[in-house]
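Fold and contact review
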Amino acid sequence: MSTVDTSGTVGGIDDIPGPRGLPLVGNLFDIDSHDPVEGFVAMAREYGPIFKLSGAGSVRLIASGADIVEEVCDDSRFDKMIGAGLSNVRSGGAGNGLFTSETSDPIWHRAHNILMSPFGMQAMRDYLPKMIDVADQLTDKWARTNPGEDVDVPADMTRLTLDTIALCGFGYRFNSFYREAPHPFVEAMTRTLTESQARSRQLPLQTRLRVRAQRRMEEDQAFMEALVDGIVAERRAQGAAGDATDLLGRMINGVDRQTGEGLPDENIRAQCITFLIAGHETTSGLLSFALYYLLKNPAFLERARAEADEALGDSAVPTFEQVQRLTYVRRVLDETLRLWPTAPAFTRTPLEDTVLGGRYAVPRRTPITVLIPALHRDTSVWGPDAAEFDPDHMTSERLAALSTNSYKPFGTGQRACIGRQFALQEACSCWGPCYSASISSTTPTTCSTRRPRSR
Ligand code: MNH
C-alpha cells in the first residue's frame, strides 16, 4: 500500500481517492467521533497511501504510505500546521508553548533554542534520581499487592508519568500514589482537553452558546495558571539558592544564544502547562501497552527481565549507565510505539503550491495529516508480519536499513518531540526496578491493562 503510481499525468486534489461525501457536510458523518484514528486507519486500508476527506468547504489529506510520508516530512517543502484542534489546545492553556506555536513565531525559535539543553543528555542524568524516586513509589505499591489482586495499570502509569514530569520539571509533587482520585490540577487539565476536543467538532456559534462549559473552562484555566504561577514565583523568590538543574531552573536561567534573550514568565507558564499535557498521557499509554504485550508474550517478558537483572545487578538505585544498558527493554518500548503510537497523528502543510507523489497538485496550506499507526503497519516496509508485536522489528540492523521516515512516533524534523529522550529514559528506568523488584515476585496475573483492540 505504500507506493504511489508515478507513471500518470499530474492531477489535482479532486483526483485523490477518498470516501464520497454528502453535499454540504462532506465526510462529516464518515468520521467515527468515538475513535477517529481507528476509523481513519480503516479508510487508509480501503483508499490507500493518501486519501482525502472533505468537510463543509474544507479538505484534509490523510497520508500513511511510507513514500508520501517521506515527502511530507521534508522541512524545506512542508511545515507543521496548527489547525483547529491544536488552536483549541492553545487557547485551552498550552498558549504559546512549543507544541501549539507556529514555526514562524519568534518565541517558538527562542524557546526551542533555550529548551534543547534542558532536554539534552546532561539534563537526563540530572533527572534520573527523580525519575527513580517516582518509579520506586510504583514498585512499592505493586510489590505490596496480594496475589490475585487487580492492578489498574493505566491508572498507575498515569500517576507515574504525571508525578515524574512535575518533579523533574519543577520540583513539584502531585503525590498521585497517595491519592485515590486524580489531583485537582489533573482534573482541570482533563476537562479542559476534553472541552477543547469537543470544540473542534462544533460550530463557533454552538461553542458560544454553551455558557456553562465556557465558564468551567475559564475557571479550570485560571486554576492551572495559578498553580504554575505560584511555583514560578516561589522559584524566582529563591534566587540563586533555587534549584537550577530541573526544567524550570534551566528555563529561568537559559538564554537563547542567537538573540541573547531569555523566556518571559508568561511563556514559561505556557511551557510548564504544555509539558504536563504533552508529557504524561503519551508516556503512560506507552508503558501500559508495553506491559500488555509483555504479559501476552512471556518469552519477551523473560528476556526483558533477564536483561534488567543482569544490567542492574544488586544495585538499589540504577545509574545512568545501567539504564543505558537496557537495550532490549528499549526495543520493547520502540516496538510498542510502532504498533500503538500514543500520539497517533501530526499535521503538515505545504509552504507553497506543490505536487505530491509526482501526481497530485496540492495548493499551499492544505492540511496533510500523517496517520502514524497506518504508516507503522505498512507491510512493504515492515514485512508480512507488520501487524505482529515483535521487538526484533527494532534491532539496530533492521532500523539502519529503513528510511528514517518509516518510523515516526515522535513526529518529524524541527517540530519533532523535544521530550523523546525524557520519555524513553523515564520508561526504561521504571521498567528496571519493576521487573526485578515486583513483577518477578508477584506477576500480576489479572492485570487490567486497557486491551488494545485488534486492527
Ligand atoms: Mn512529545 C511534540 C509524541 C513525550 C513534549 N510529541 C510531539 C510530537 C509527537 C510527540 C508525535 C509532534 C506533534 C506535532 O507535530 O504536531 N511525545 C510523543 C510521544 C511521547 C512524548 C509518543 C511519549 C511516549 N513529549 C513527551 C514528553 C514531553 C513532550 C515526556 C515533555 C516533557 N512533545 C513535547 C513538546 C512537543 C512535542 C514540547 C512540541 C515540540 C515543538 O514543536 O517544538
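Our subject is the structure listed above.
Below is a short write-up of the structure. (Residues numbered from 1 in each chain as written. Predicted model: local features only at pLDDT ≥ 70, side-chain atom pairs only at ≥ 80, totals over all residues. Heavy atoms only, no water.)

1. Notes on the overall build of the protein chain
Counting secondary structure elements, the protein chain contains 19 helices and seven strands. Taking the principal axes of its C-alpha atoms as reference, the protein chain extends roughly 65 × 50 × 45 Å. Burial analysis of the protein chain (455 residues in total) assigns 52% to the buried set. Between the mean site of the 48 positive side-chain charges and the mean site of the 58 negative ones, the protein chain shows a separation of 3 Å. (Helix = DSSP H or I, 4+ residues; strand = E, 2+ residues; numbered from the N terminus. Buried < 20%, exposed > 50% of the residue type's maximum accessible area, 1.4 Å probe, protein only. Lys, Arg positive; Asp, Glu negative; His and termini not counted. Charge placed at Lys NZ, Arg CZ, Asp CG, Glu CD.)

2. Structural notes on the coordination of the manganese atom of the ligand
When only protein atoms are considered, the manganese atom of the ligand has one donor, C417 (SG), at a distance of 2.4 Å. Of note, C417 is situated in the loop between α18 (396–400) and α19 (420–439). (Donors = N, O, S within 2.8 Å, 3.2 Å for Na, K, Ca; no water.)

3. Considerations on unusual backbone geometry
One non-glycine residue with positive phi stands out, namely N175, at about 50 degrees. Inspection of the secondary structure puts N175 in the loop between α6 (153–170) and α7 (184–199). The phi dihedral of R365 is positive, around 70 degrees, even though this residue is not glycine. Tracing the sequence through the fold places R365 in the loop between β6 (360–362) and β7 (368–371). Take R365: its relative accessible area is 40%, and that puts it in the partly exposed class.

4. Quick word on the site of the ligand
Neighbouring the ligand are 24 residues, the closest being K80, W108, I165, R415 and C417. For the ligand, an oxygen atom lies 2.9 Å from a polar atom in the side chain of K80. In the environment of the ligand, an oxygen atom lies 2.8 Å from a nitrogen or oxygen atom belonging to the side chain of R415. If you list the elements that add at least two residues to the shell around the ligand, you get α12 (281–296) and α19. Per-element accounting of the shell around the ligand gives the leading share, three residues, to α12. (Near = heavy atom within 4 Å. Polar contact = N/O pair within 3.5 Å; in protein donor to acceptor, adjacent residues only side chain to side chain.)

5. Brief notes about the pairing of strand β2 (residues 59–63)
Pairing analysis gives five bridges linking strand β1 (residues 50–54) to β2, with the strands arranged antiparallel. Along β2, the bridge assignment pairs F51 with I62. Bridge count between β2 and β7: three bridges; the pairing is parallel. Note on β7: the bridge partner recorded for A63 is V370. (Pairing = 2+ DSSP bridges.)

6. Some details on the sheet that holds β1
Taken in spatial order, the five strands make up an open sheet running β1-β2-β7-β4-β3, and their pairing is mixed. At either margin of the open sheet sits one strand with a lone partner, and together these are β1 and β3 (78–80). The mean inter-strand angle of the sheet, taken between neighbouring strand axes irrespective of direction, is 35 degrees. Taken strand by strand, helix α1 (residues 36–47) contacts β1, β2 and β7, and its axis lies near 125 degrees from that of β1. (Axes fitted to C-alpha atoms, helices over the stretch in contact; angles between N-to-C directions. Contact = heavy atoms within 4.5 Å.)

7. Some remarks on the environment of T347
By the secondary structure assignment, T347 is in strand β4 (residues 345–350). Measuring from C-alpha to C-alpha, the distance between T347 and V370 comes to 6.0 Å, with 23 residues separating the pair along the chain. If sequence neighbours within four positions are ignored, T347 has contacts with R60, D79, K80, M81, P367, I368 and T369. Within the local environment of T347, its side chain forms a polar contact with the side chain of T369, the two groups lying 3.0 Å apart.

8. Quick word on the packing of α12 against helix α13 (residues 298–312)
Viewed as axis vectors pointing N to C, α12 and α13 meet at an angle of 110 degrees, and their least axial separation amounts to 5 Å. The orientation of α12 with respect to α13, classified from their angle, is roughly perpendicular. Between α12 and α13, the contacting residues are L294, L295 and K296 on the first element and P298, F300 and L301 on the second. Split into classes, the residues belonging to the contact of α12 with α13 amount to five nonpolar, no polar and one charged. (Parallel < 35°, antiparallel > 145°, perpendicular 65-115°, else oblique. Nonpolar A, V, L, I, M, F, W, Y, C, P; charged D, E, K, R; others polar.)

So yeah, pure geometry; function would need other evidence.
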